[in-house]
Amino acid sequence: MGVALSRAIQWSSDADKLEDSPLNNDLLTEILLFTEEFGDRHPQEARLKFSEPLQWKTTLEASDFISDLYDIREESVMSLGYDDNRRSLLQLSPPDITVYSFYYLSNLLQLSKDKKMKEVQSCLEANREPMKKIFGPRSPSIHEDELFNVLQQLDEKLLSIAVRPIAREGRLSPAAVDIEVDLLKRFCGTGENRVLKSVRYTSDYVFSNGCRSPPWRQMDGEICSLIIETCDTEPTLFITCNTSGVFLDEEINGEGGENSNRRKSEVYKDLVTLLKNMSTHFAKASDEKDSAIQDVPSTEKTLHVETVDAEETGQTLKSYDHEEKNVLEKARQQLARNKPGGRKKKLEPSLKWKNLGLVSPYDEAEEKARKSRESKRILEYGTKSPASENKKKSNFSGSSLPGCHSSQKIKTPGGADDFSESSSDDEEDEEQPERRAEAATDLPSEYWQIQKLVKYLKGANQTATVIVLCSLRDFNLVQEMCQLAIRDVGGLEVLINLLDTDEIRCKIGSLKILKEISCNSQIRRTIADLGGLQTMVSILDSPDKELKCLAAETIANVAKFRRARRTVRQHGGIKRLVELLDCVPDGVSLSKEQERDVEVARCGALALWSCSKSTWNKEAIRRAGGIPLLARLLKSPQKNMLIPVVGTLQECASEESYRIAIQTEGMIEDLVKNLSCDNQELQMHCASAIFKCAEDKHTRDLVRQYGGLKPLVVLLNQAENKQLLAATTGAIWKCSISMENVAKFQEYKALEILVRLLTDQPEEVLVNVVGALGECAQKSENLAIIRKSGGIKPLVNLLTGTNQALLVNVTRAVGACATDPENMVIIDQLDGVRLLWSLLKNPSPEVQASAAWAICPCIENAKDAGEMVRSFVGGLELIVNLLKSQNKDVLASVCAAIAKIAKDVENLAVITDHGVVPMLANLTNTGDDKLRRYLAEAIACCCMWGSNCVSFGEAGAVAPLVRYLRSNDPSVHQATARALFELSKDPNNCITMHENGVVKLLLVMIGSTDEILQEAAASCVANIRRLALANDKAKYG
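Rules of the game
- Residues numbered from 1 in each chain as written.
- Predicted model: local features only at pLDDT ≥ 70, side-chain atom pairs only at ≥ 80, totals over all residues.
- Heavy atoms only, no water.
- Helix = DSSP H or I, 4+ residues; strand = E, 2+ residues; numbered from the N terminus.
- Buried < 20%, exposed > 50% of the residue type's maximum accessible area, 1.4 Å probe, protein only.
- Contact = heavy atoms within 4.5 Å.
- Areas by Shrake-Rupley, 256 points an atom, 1.4 Å probe, with all protein chains shown as cover.
- Axes fitted to C-alpha atoms, helices over the stretch in contact; angles between N-to-C directions.
- Parallel < 35°, antiparallel > 145°, perpendicular 65-115°, else oblique.
- Left-handed = near helix turned anticlockwise from the far one by under 90°.
- Pairing = 2+ DSSP bridges.
- UniProt positions renumbered as here; feature names shortened; annotations may be inferred.
- Disulfide = S-S within 2.5 Å.
- 1 Å grid on protein atoms, 1.4 Å probe; cavity = no way out; pocket = protein on both sides within 12 Å on 5 of 7 lines; lining within 4 Å.
- Points joined across faces, edges and corners; volume = space filled by probe spheres on them.
- Phe/Tyr/Trp six-rings, centres within 6.5 Å; stacked < 30°, edge-to-face > 60°.
- Lys NZ or Arg CZ within 6 Å of the ring centre and 35° of its normal.
- Core = buried A, V, L, I, M, F, W, Y, C linked by side-chain atoms within 4.5 Å.
- Polar contact = N/O pair within 3.5 Å; in protein donor to acceptor, adjacent residues only side chain to side chain.
- Salt bridge = Lys/Arg side-chain N within 4 Å of Asp/Glu carboxyl O.
- Expected span 1.5 Å × (residues − 1).
- Nonpolar A, V, L, I, M, F, W, Y, C, P; charged D, E, K, R; others polar.

Per an unreviewed UniProt entry, the chain carries the name Armadillo repeat-containing protein 4 and comes from Culter alburnus.

Colleague: Which residues make up the overall build of the chain, and what values do they have?
Modeller: Scanning the chain from terminus to terminus reveals 59 helices and 9 strands. For the chain, buried positions account for 55% of its 1037 residues. Long-range contacts, defined here as pairs at least 24 residues apart, represent 71% of the contacts in the chain between residues at least 6 apart. When the accessible area of the chain is evaluated, it comes to approximately 45500 Å², of which 48% is carbon and sulfur surface.

Colleague: Quick one: what's the story with the packing of helix α22 (residues 491-498) against helix α23 (residues 504-517), residue by residue and with numbers?
Modeller: Running from amino to carboxyl end, α22 crosses α23 at an angle of 135 degrees, the nearest separation of the two axes being 8 Å. What the angle tells us is that α22 and α23 run oblique. In this structure, α22 crosses over α23, and the sense of that crossing is left-handed. Of α23, the residues touching α22 (which contributes Leu492, Leu495, Ile496 and Leu498) are Cys506, Lys507, Ser510, Ile513, Leu514 and Ile517.

Colleague: Any chance you could break down the sheet that holds strand β1 (residues 49-57) for me, citing the residues and the numbers?
Modeller: Working definition: the strands of a sheet are paired by backbone hydrogen bonds and lie parallel or antiparallel to each other. One open sheet holds the 5 strands; their spatial order is β1-β5-β4-β3-β2, and the pairing between them is antiparallel. If you trace the sheet from one side to the other, it starts and ends with β1 and β2 (70-73), each paired once. Neighbour to neighbour, the strand axes of the sheet diverge by 10 degrees on average, direction disregarded. Here β2 pairs with strand β3 (residues 76-79) via 4 bridges, running antiparallel. Paired with Asp71 across the two strands is Met78, which belongs to β3. In the packing of helix α4 (residues 102-112) onto the sheet, contacts are made with β1, β2, β3, β4 (90-93) and β5 (96-101), and the angle to β5 comes to roughly 130 degrees.

Colleague: Would you mind going over the UniProt feature "repeat: ARM" (unreviewed entry) in the chain in detail, with residue names and values included?
Modeller: As recorded in UniProt, the feature "repeat: ARM" (unreviewed entry) lies at residues 531-573, 625-667, 749-791, 874-916 and 956-989. When the span residues 956-989 is considered, its composition is 71% helix and 0% strand, and the gap between its end C-alpha atoms is 10 Å.

Colleague: Go over the sheet that holds strand β6 (residues 196-201), please, and point to the residues and values.
Modeller: Pairing is antiparallel across the open sheet formed by 4 strands, whose spatial order is β6-β7-β8-β9. Looking along the sheet, the strands with just one partner apiece sit at the ends: β6 and β9 (245-248). Between one strand axis and the next, the sheet turns through 25 degrees on average, direction left out of account. Where β6 and strand β7 (residues 222-230) come together, 5 bridges link them in antiparallel fashion. Note that in β7 the partner of Val199 across the bridge is Ile228. Across the sheet, helix α9 (residues 174-186) touches β6, β7 and β8 (237-242), and the angle it forms with β6 is around 150 degrees.

Colleague: Lay out the state of the cysteines in plain terms, naming residues and giving numbers.
Modeller: A complete count under the given rule lists 0 disulfides for this structure. With no disulfide of its own, Cys942 lies closest to Cys941 among cysteine sulfurs, the gap being 6.9 Å.

Colleague: Describe empty space enclosed by the protein, naming the residues involved and giving the relevant values.
Modeller: Following the criterion strictly, the structure yields 7 cavities of 30 Å³ or more and no others. Size it by volume and the largest cavity reaches roughly 170 Å³. Ile31, Thr35, Leu54, Leu105 and Cys123 are, among the 16 residues lining the largest cavity, the residues nearest its centre. When contributions to the lining of the largest cavity are tallied by element, the ones reaching two or more residues are α2 (22-41), β1, α4, α5 (116-126) and α6 (130-135).

Colleague: Residue-level account of the packing of aromatic side chains, with values.
Modeller: Taken as a whole and judged by the stated rule, the model has 13 aromatic pairs. Grouped by ring-pair contacts, the aromatic residues Phe34, Phe38, Phe50 and Phe102 constitute a single cluster. Taking NZ or CZ as reference, Arg86 lies 4.4 Å from the ring centre of Tyr82, over its face. One Lys or Arg, Arg212, reaches over the ring of Tyr201 and ends 3.5 Å from the middle of that ring.

Colleague: Could you give an account of the nonpolar core, with specific residues and numbers?
Modeller: Of all hydrophobic cores here, the largest spans 227 residues; its most connected members are Trp837, Ile911 and Leu920. No other element matches the 10 residues that helix α50 (residues 888-901) contributes to this core. Not counting residues up to four positions away in its chain, the partners in contact with Trp837 are Ile855, Ile859, Val869, Phe872, Gly875, Leu878, Ile879 and Ile901. With 44 residues, the next largest nonpolar core counts Ile9, Met131, Phe135 and Leu158 among its residues.

Colleague: How would you summarise the environment of Tyr70 if you had to cite specific residues and measurements?
Modeller: Among the secondary structure elements, Tyr70 is positioned in strand β2. For Tyr70, a relative accessible area of 7% translates into the label buried. Note: C-alpha distance between Tyr70 and Gln91 (21 residues apart in sequence) is 9.4 Å. Contacts of Tyr70, omitting those with residues within four sequence positions, involve Phe65, Val77, Met78, Ser79, Leu80, Leu90, Tyr104, Asn107, Leu108 and Leu111. Engagement of the side chain of Tyr70 in a polar contact is seen with the side chain of Asn107, the distance being 2.6 Å.

Colleague: Mind laying out the pattern of salt bridges, listing which residues take part and the relevant values?
Modeller: Going through the model one piece at a time under the given rule, you end up with 44 salt bridges. Of the charged contacts in the structure, one is a salt bridge between Arg704 and Asp701, with a shortest N-O distance of 3.2 Å. Pair noted here: Arg704 and Asp701 are both in helix α36 (residues 697-705), with a separation of 3 residues, about one helical turn. We classify Arg704 as partly exposed; its relative accessible area is 22%. Across the pair Glu775 and Arg812 runs a salt bridge, and its minimum N-O distance is 3.1 Å. Taken together, the positions of Glu775 in helix α41 (residues 763-776) and Arg812 in helix α44 (residues 804-817) put the pair 37 residues apart, joining distant regions of the chain. Judged by relative accessible area, which is 11%, Glu775 ranks as buried. Here the salt bridges do not stand alone but share partners, grouping Lys515, Glu553, Glu599 and Arg602 into one network.

Colleague: Account for helix α35 (residues 680-693), naming residues and giving values.
Modeller: Compared with the 20 Å implied by 1.5 Å per residue over 14 residues, the 20 Å span of α35 between its first and last C-alpha is a close match. Most of α35 is tucked away: 10 of the 14 residues are buried.

Colleague: Run through the environment of Leu159, naming residues and quoting values.
Modeller: Along the chain, the position of Leu159 falls in helix α7 (residues 145-162). Sequence separation between Leu159 and Trp216 is 57 residues, and the spatial gap between their C-alpha atoms is 7.6 Å.

Colleague: Any details on the pairing of β3? Residues and values, ideally.
Modeller: Of the two faces of β3, the one holding Val77 and Ser79 is buried and the one holding Ser76 and Met78 is not buried anywhere. What sits between β2 and β3 in their antiparallel hairpin is a turn of 2 residues, with Glu74 showing a positive phi close to 55 degrees. Looking at chain direction, β3 and β4 are connected through 2 bridges and run antiparallel. Its bridge partner lying in β4, Met78 is registered against Gln91.

Colleague: Help me get a handle on the packing of α41 against α44, residues and values and all.
Modeller: At a minimum axis distance of 8 Å, the contact between α41 and α44 shows a crossing angle of 25 degrees. By the angle class used here, α41 and α44 are roughly parallel. The way α41 lies across α44 gives a crossing that is left-handed. Where α41 approaches α44, its residues Leu766, Val767, Val770, Gly771, Gly774 and Glu775 are matched on the opposing element by Ala805, Leu806, Asn809, Val810, Arg812, Ala813 and Ala816. Classifying every residue of the contact of α41 with α44 by side-chain character gives 8 nonpolar, 3 polar and 2 charged.

Colleague: Can you explain unusual backbone geometry? Please cite residues and give values.
Modeller: Pro94 connects to Pro95 through a cis peptide bond whose omega is 5 degrees. Summarising the element assignment, Pro95 is placed in the loop between β4 and β5. Although it is not a glycine, Arg86 adopts a positive phi angle of roughly 60 degrees. Secondary-structure assignment places Arg86 in the loop between β3 and β4. A relative accessible area of 62% means that Arg86 is categorised as exposed. One non-glycine residue, Asp864, lies in positive phi territory at about 50 degrees. The residue Asp864 is located in the loop between α47 (845-861) and α48 (865-870) in this model. Judged by relative accessible area, Asp864 falls into the exposed class, the value being 56%.

Structure representation (structure tokens):
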């Protein structure tokens, strides 16, 4: 916004207003698109505060700021975001507005609706040098460098727009220069017959409009600079090619400023003429080779060559590989196509097209050339240039229909997207790279027929438009080639323009096509780029129910990626879609009008389903009152209504507020009822909703009370439908957290079926199956069932996997199975303990903790456990080193495992040598009760070796342990009393305990009903008392 605003933008005669000119309109549109998307595409840079605020007179009012980002007080508005001085980053006191960051500038434009262009113009008129206000007089800081780079890209883009007309305004074009240079290079050489020594450009970089000179020189009409060495002139000739002609320079500096070259000769019409006047040798040689020289096309004849792709595409000046064109190569191809025999057979239009009675406005030669160019593009890029023919607007959309406006809202693909340097914020959840056609001959005749139809659509009247739309629908629009044919010729812009007309038939026809082709991920993104979602959202207010249905269904297709979902929300789409749900679907017989209402509600639910993948949208649906409406629709007997409704609910059930609402609104009963329907997709969504809601105990109880457990077990037999199987096993897993449900699953023989599902299943199914088995294994009678069903071996085999969620569940299940001695024998034979131990090296703390917990019952129930543990090379050192972890669950599980390991004296000696005592002592200041319990147990067990009891006292572990007795957790009391008893065997530790008031706390514990706690507390007090008596005896005799 530096050079572009100072040189390209056009001001009025009094220099205080922008002129109303096409160039200014293009520049303002580009700035608008860039700024509006800035907050989403560059979130970090958008938050940077300007050195000085941008201030201008605005037409916005407080009522326009419908967002949670602002505090509205009567007519004034203050942003909730502040700078370090507690100053709001956006302040509105009509008509004055002050903005301190791109984040609020972007949001302001999004809220401005049809006032966007006016706001941008007012801002630029009031802030003639925005770069100085953004960065101040100083150089950008390290944090501001990225913002500066992004704005530099915008500046170059604006310059590119400003210089588009260069190649067509003058009598000399970039293509003509390239062709002439190519010819001159053929006369260069080293022999005696050479005409020239060398011809070369000063810059190898070709901008998208074919020029090679920097943008600031292109503003003066400059195309490129050349260095030509002739055979008889000294010094070398420095030549500048301008749209007005070619001339000699005194000097050429490739990086020079605006005045780095000065003309020192008259202006010639072309290079050959200049060289004839400057070089006698060239003039003579060219006369001898006159026929070859005359092959150079004249400037006028080469104007029709496609030289300025920037005019069509609006591409940036940056070297995006798929957008740059080699103008010389294109010119050669154009000349080659004009040679005899270079023409291909003309594709005949279909009979359907001929029957329309319309005649193509393109002549045969132009159509052939166009097809050849398109074939080449599709061969090279998989489709045409992304924004080709964007400059062509529909005459019909601008004039033929009443109420249709010029499409300023349409964004060219070369717009704001060009400023995104990465796809990190590109929001595409599922976007795939565009497929590339293997050869131009792969294009079917339908591709060209569709393109012809779209071209007619651009200039047709109302009747012809409806006919063309109907003809387009006769094609198989599900095929990707047909979809891309519409997009490549600019059909999406026309179809979206039609949505702004007042002609209902045209809107319906356009939406029917958009609904079909928006299944393509590339089409979806283009529709969003062109502003189609905003128009569709506004159509949701239409009284025509068919229009509302089509708009909602198209929104459902387009809102498959994050940016589209955000656009729907920001333009009020969520509230409108929720309003569509208000119908009466549960009647036995419905009138025609009610049936249309039900269809509108179904389409609204489809759109909400797509939008509900966003956390913000889930909250917006709840605030708009969507939950009770969804609950009412859930009682519908129509499956095509239930699928999107349940789909929306299961997406939203990831939020706690929805899970509570699903309980309170009585939706669990309906979900359970639909588990028994005959539609597998509906069953899958119901099971998925139960899976997410069953984290809550009350929901698990409701599923059981409404008889939902048996249908879930029945669905386990649908093993061929993996999505349904994953949802069902997930629901069973979460429901089995309640032991009452486990008893029911045991009754329905679910464990045997789950064991059969441990092999040949995708990981998302295995995670749930193993999770369910792990929960069921908490009940001791199920351990034998798992063993007899052959479940131990596949469980142990799964320990070698890499999926972390699966490993967490597998280790828990194996650990639960290891509590049964017979199961432990099988686990040991399968080398399961070694596999568990190896998982302690896994980088995931969750896997480490789960593996350590599983090791505990393995050590406790294995035969000759001490020898088994010692057989693991480096195993004891590994588990001791895990005491350095920062994860409390890892620390608790490792302490529990160390308590089991320390029961073997030899192993205790080894871990003592590895420094287990100081590491345990370092952890004693924790406030986490779970860690306190197992840490105290580990300390109690480790005191059994040598001088460890004394070492714990010296390491300062005693005083913190006394504080554990004040915990509210009884299990902490028992483990701590045992540890204190073992530590009290050292006199110094007894003194420390007494000083920290342990006696009074232990006396309370002695009255506990827990016998182990009673004995440990009493024994510790006894040791302290004995020390006191011995001290008195020594003192008094």
